[in-house]
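# An overview of the molecular structure
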Amino acid sequence: MGDGCDTEGPTAFCNACGHAWYGEGEEGLHPGRVVSQYKDLYKVAVGNAEVLAEISGKLRHGAQSRRDYPAVGDHVLVDRTDDAGGHAIIHRILPRTSAFVRKDPGNAGEVQVVAANIDTVFLCMSLNRDFNLRRLERYLAIAWDSGATPVVVLTKADLCPEWEERMEEVRRTAPGVEVVLTSSFREEGWKPLAPYLGEGRTAAFLGSSGVGKSTMINRLLGEERIRTKAVREDDDRGRHATTRRELFLIPGGGAVIDTPGMRELGLESADLDRTFEEVQALAEQCRFKDCTHQDEPGCAVRRAVEEGELSRERLESWRKLKKEAKYDGLNARQIEQEKVRTMFAGFGGVKNARNYIKGKNKRK
């Protein structure tokens, strides 16, 4: 956030996470960070304390959407450092460097920020039955769009003899993304994550239930702060232990955010071009700029599949996520309407298609 700042030093400094803010100060307000949320109340770390806070009337009145409300990970300015005399008031949300968003379950068509100001997002996938490259592509699309840097974390390495082959598969699926191998069953299994953490840095753990996210965070914290549940023996899947997003401060510096799982994150925001860089590069060589890579002549993407340069599974996954990003968040009726509009796009719309059919019937 200090990019391009001409000031000699920070005007606000959060002791809770080591974050320095270079910007216009406000007299009487204290920098803090949102560590959890309870409906309309927020727990904010201020200095060495935590206070319960609510947003000011001015902030609420000026909010144009749910994006303008505080989220876990937000740096904020509050009016007090303890709440002995009542709830603290959040007067300002400082600029975000990154944000994960999802469709707001309570407001159709709106999105809300799930977590903010994340530097690194650990995309966790276990090397047992949870291993799924297509799901990883989905995670990557959401992570790249958030503004955070994704790192693939393969867990439960001790349960997979063929871990080297699977790591290579991941590298082909996520070109340019760093991949680390961990084991949450070992006390020192978190050490490969240490280089991505430190003073002033925040990481988030995302992945399916049961892959070891909460266990790994407990290892980083040095204590059992997060409740974990046993993995079911019949399918190696875990039950959801985390019920809300929460930020934890790491003793050695920095912070981590635990989440209830990726199921709550849709594709309202997804960077498919970054996730499928090789598809995008090939698409630029197609004869037509709006090529759908279906049956158009001169399609470089289809040619790459035929020549073995691009896997058919990779292309099908790109198509599936493209379609999901378009339809995600719509109800059944809206999806059907969108399908009809897409179906008759070549006629210039449904109305023109109807006129065409009527005219054709008259000529019979």
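What counts, and where the lines are drawn
- Residues numbered from 1 in each chain as written.
- Predicted model: local features only at pLDDT ≥ 70, side-chain atom pairs only at ≥ 80, totals over all residues.
- Heavy atoms only, no water.
- UniProt positions renumbered as here; feature names shortened; annotations may be inferred.
- Helix = DSSP H or I, 4+ residues; strand = E, 2+ residues; numbered from the N terminus.
- Buried < 20%, exposed > 50% of the residue type's maximum accessible area, 1.4 Å probe, protein only.
- Contact = heavy atoms within 4.5 Å.
- Salt bridge = Lys/Arg side-chain N within 4 Å of Asp/Glu carboxyl O.
- Core = buried A, V, L, I, M, F, W, Y, C linked by side-chain atoms within 4.5 Å.
- Domains from an automatic or database assignment.
- Pairing = 2+ DSSP bridges.
- Axes fitted to C-alpha atoms, helices over the stretch in contact; angles between N-to-C directions.
- Parallel < 35°, antiparallel > 145°, perpendicular 65-115°, else oblique.
- Left-handed = near helix turned anticlockwise from the far one by under 90°.
- Nonpolar A, V, L, I, M, F, W, Y, C, P; charged D, E, K, R; others polar.
- Expected span 1.5 Å × (residues − 1).
- Polar contact = N/O pair within 3.5 Å; in protein donor to acceptor, adjacent residues only side chain to side chain.

## What about the UniProt feature "binding site: Zn(2+)" (unreviewed entry) in the protein chain?
- UniProt's entry tags Cys286, Cys291, His293 and Cys299 with the feature "binding site: Zn(2+)" (unreviewed entry), counted in the numbering of this structure.
- Within the secondary structure layout, Cys291 lies in the loop between helix H6 (277–283) and helix H7 (300–306).
- For Cys291, a relative accessible area of 11% translates into the label buried.
- When neighbours within four sequence positions are excluded, Cys291 is seen to be in contact with Cys286, Glu296 and Cys299.

## Side note on the pattern of salt bridges
- The tally for this structure, following the rule as stated, stands at seven salt bridges.
- Residue Arg134 pairs with Glu137 through a salt bridge whose shortest N-O separation is 2.9 Å. One end of the pair, Arg134, and the other, Glu137, are both in helix H2 (residues 133–146), three residues apart, so they sit about a helical turn from each other.
- The class for Arg134 is partly exposed, based on a relative accessible area of 34%.
- Taking the relative accessible area as the measure of exposure, Glu137 reaches 0% and is therefore buried.

## Quick word on the nonpolar core
- Ranked by size, the top nonpolar core spans 34 residues in total, and within it Phe100, Leu123, Leu136, Leu154 and Val170 carry the most contacts.
- Broken down by secondary-structure element, the contributors of at least two residues to this core are strand E9 (111–116), strand E10 (120–126), H2, strand E11 (149–155), helix H3 (163–173), strand E13 (202–207) and strand E15 (255–258).
- Counting residues domain by domain, this core receives three or more from each of domain 1 (12–95) and domain 2 (114–226 + 245–265).
- Apart from the residues within four sequence positions on either side, Val170 is in contact with Met125, Phe131, Leu133, Leu136, Val152, Leu154 and Val179.
- Formed by 19 residues, the second largest nonpolar core is a distinct cluster that contains Val180, Leu197, Phe205 and Met216.

## Notes on the pairing of strand E5 (residues 49–55)
- Pairing between strand E4 (residues 41–46) and E5: five bridges, direction antiparallel. Within E5, the residue paired with Val44 across the bridge is Val51.
- Across three bridges, E5 lies against strand E7 (residues 88–93) in parallel orientation. Directly across from Glu54, in E7, lies its bridge partner Ile89.

## Some words on helix H4 (residues 213–221)
- In terms of burial, H4 is a largely internal element, eight of the nine residues being buried.
- Taken together, the buried positions of H4 are Lys213, Ser214, Met216, Ile217, Asn218, Arg219, Leu220 and Leu221.
- Here the buried face of H4 lies against E10, E13, strand E14 (246–249) and E15.
- Downstream of H4 by one or two residues, Gly222 has phi in the positive range, about 80°.

## Section: the packing of H2 against H3
- Following both chains from N to C, one finds H2 and H3 inclined at 40°, their axes separated by 10 Å at the closest point. It follows that H2 is oblique to H3 by the angle criterion. Seen along the crossing, H2 lies across H3 with a hand that is right-handed. Of H3, the residues touching H2 (which contributes Leu133, Leu136, Glu137 and Leu140) are Glu169, Val170 and Thr173.
- Of the residues that constitute the contact of H2 with H3, the class distribution is four nonpolar, one polar and two charged.

## Here we look at H2
- The terminal C-alpha atoms of H2, which comprises 14 residues, lie 20 Å apart, in line with the 20 Å expected from a rise of 1.5 Å per residue.
- Counting buried residues in H2 gives ten out of 14 residues, a clear majority hidden from the surface.
- For H2, the N-terminal capping position is held by Asn132, with its side-chain oxygen 3.0 Å away from the main-chain nitrogen of Arg134.
- Two residues or fewer past H2, Gly147 is found with a positive phi of approximately 100°.

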